[in-house]
Amino acid sequence: MSTIPVPDLTKSIVELLIEAYIGPPDANTPTWFNDNNPNAGIFEQISPLSAAEASTSADGSGNPGTTVASHIEHLRWSLANVNGTLKGDPYQSNWNESWKVTKVNEAEWNLLCVNLRSEVETVCAAIPKQDHLEGPFLNGLVSLVPHAAYHLATIRQIIERVKEKK
């Protein structure tokens, strides 16, 4: 049975996280699951949104998971949790905590976006420093990619619905 060297695996995880959050570096770069344009990542999708748009519920319910703000906080919370575990903190498994934000004002929205970017940068810098990956820890790192891809697609759908309401 062959094995994947840890540096190869961590490099792939980081590249795929960059594709989800930042998007491809240019239109000539192949992608694995995202559109092949520079503004396809989560950050570029949310950058033109006002706090009011980020707080508008896709279905009118205002429930967690129906606003862009709630998804951005959920991603920020989950990455902060991962970053904490990479530093030796205990894993926080209460995912309900990650869905508490549904509405934000402009200052809160700007801070939330900055904090998400900081968590992404931190995790992308920390992952390649891992020299031993196994079990739940490995599963957690690998799951960051489909998790981000799912939320990217959901955020795009919410944005479309919010713009339709205008």
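The structure presented is a predicted model; accordingly, all values stated were derived computationally and were not measured. The numbers attached to residues start from 1 for each chain and follow its sequence in the written order. Side-chain atom pairs in this predicted model are given and counted only at pLDDT of 80 or more, local residue features only at pLDDT of at least 70, and totals for whole chains, interfaces and linings cover all residues. Hydrogens and water molecules were not included; the side-chain quantities draw on all heavy atoms of the structure.

Draft legend 1. Inspection of the environment of L49 at higher detail. Every helix listed is a DSSP run of H or I at least four residues long, and every strand listed is a run of E at least two residues long, numbered separately from the N terminus. If you trace the backbone, L49 turns up in the loop between helix 2 (42–46) and helix 3 (51–54). Only protein chains enter the accessibility calculation, which uses a 1.4 Å probe. A residue is then buried if its area is under 20% of the maximum for its type, exposed if over 50%, and partly exposed in between. The exposure class assigned to L49 is buried, which follows from its relative accessible area of 8%. A sequence separation of 110 residues divides L49 from I159, and the C-alpha atoms of the two residues are 8.6 Å apart. If we ignore the near neighbours within four places in the chain, the residues touching L49 are V68, W109 and I159. Any two residues having at least one pair of non-hydrogen atoms within 4.5 Å are treated as being in contact.

Draft legend 2. Spatial organisation of the packing of helix 4 (residues 68–86) against helix 6 (residues 135–165). Axis definition: a line fitted to C-alpha atoms, limited for helices to the stretch in contact. Angles are taken between N-to-C directions and run from 0 to 180 degrees. In contact at an axis separation of 10 Å, helix 4 and helix 6 are set at 165° when each is read in the N-to-C sense. When the interaxial angle is binned, helix 4 and helix 6 end up roughly antiparallel. Once helix 4 is placed against helix 6, the crossing between them reads as left-handed. Listed contacts from helix 6 to V68, H71, I72, H74, L75, S78, L79, V82 and L86 of helix 4 are F137, L141, L144, H147, A148, H151, T154, I155, I158 and I159. The classification used treats Ala, Val, Leu, Ile, Met, Phe, Trp, Tyr, Cys and Pro as nonpolar, Asp, Glu, Lys and Arg as charged, and all other residues, Gly among them, as polar. Residues that form the contact of helix 4 with helix 6 fall into these classes: 13 nonpolar, six polar and no charged. Relative orientations are named as follows: roughly parallel for angles under 35 degrees, roughly antiparallel for angles over 145 degrees, roughly perpendicular for angles from 65 to 115 degrees, and oblique for any other angle. Crossings are assigned a handedness: left-handed for a near helix turned anticlockwise from the far helix by less than a right angle, right-handed for a clockwise turn.

Draft legend 3. Quick look at the packing of helix 1 (residues 6–21) against helix 5 (residues 106–126). Look at helix 1 against helix 5: their axes get within 10 Å of each other, and the N-to-C directions meet at 165°. One way to sum up the angle between helix 1 and helix 5 is to call them roughly antiparallel. Classified by chirality, the crossing of helix 5 by helix 1 is left-handed. Mapping the contact onto sequence places V14, L17, I18 and Y21 in helix 1 and L116, V120, V123 and C124 in helix 5.

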